[in-house]
Amino acid sequence: MNVDDFLKRYQAGQRNFKGVNLIGSYLNGVNLSGATLKGASLSEVDLSKANLVGVDLTEASLVRANLTGANLTGANLSGANLFEAKLTGAILDGAELKMADLIDADFTAANLQGANLYGAYMMGTLLQGAIMPDGTING
């Protein structure tokens, strides 16, 4: 499925895009709130400033994805691969990141308040200025 088909289907009311392959796509600023992208291939996708509120990204591949300034409030990223993903200034308030691969991901100035990071792999993860799940700001 190409990006245009994907966006047309979303606009038409479809929300289940389980396993969709959009590797390398440009989706800057799109609204995909409430979509199911479980197991989707989204590596190197530009989702900067996207509305991803409540999106199911369980076990999705977001390797080197650009999520700068994206709103992921309440999103489920459990088991997702965010290796080297850029989430600078992203809002992940109440997001599920259980068992997610966050190795070398950039969460600089991101809001992780209320996020569940249980079992997340965080080696090399950048958290400068991030609001942590307990509300403290990482120095």
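Above this text is the structure in question.
As a starting point, this report considers the structure included with it. (Residues numbered from 1 in each chain as written. Predicted model: local features only at pLDDT ≥ 70, side-chain atom pairs only at ≥ 80, totals over all residues. Heavy atoms only, no water.)

Here we come to the pattern of salt bridges. Tallied over the entire structure, the rule returns three salt bridges. Its salt-bridge partner being Glu84, residue Arg64 comes within 2.9 Å of it at the nearest N-O pair. Note that Arg64 is positioned in the segment after α1 (3–11) and Glu84 in the segment after α1, a separation of 20 residues in sequence. Residue Arg64 is classed as partly exposed on the basis of its relative accessible area, which comes to 44%. A salt bridge links Lys98 to Glu96; the shortest N-O distance between them is 3.7 Å. (Salt bridge = Lys/Arg side-chain N within 4 Å of Asp/Glu carboxyl O. Helix = DSSP H or I, 4+ residues; strand = E, 2+ residues; numbered from the N terminus. Buried < 20%, exposed > 50% of the residue type's maximum accessible area, 1.4 Å probe, protein only.)

Here the focus is the environment of Asp46. Turning to its location among the elements, Asp46 is positioned in the segment after α1. Along the sequence, Asp46 and Gly79 sit 33 residues apart, while their C-alpha atoms lie 20 Å from each other. Among residues more than four places away in sequence, those in contact with Asp46 are Ser25, Tyr26, Leu27, Asn28 and Asn66. (Contact = heavy atoms within 4.5 Å.)

A few words on unusual backbone geometry. Within the chain, Lys49 stands out as a residue other than glycine whose phi angle is a positive 60 degrees. Structurally, Lys49 is set in the segment after α1. In this structure Lys49 comes out as exposed when scored by relative accessible area, which is 63%.

All quantities given are derived from atomic positions and should not be read as evidence of function.
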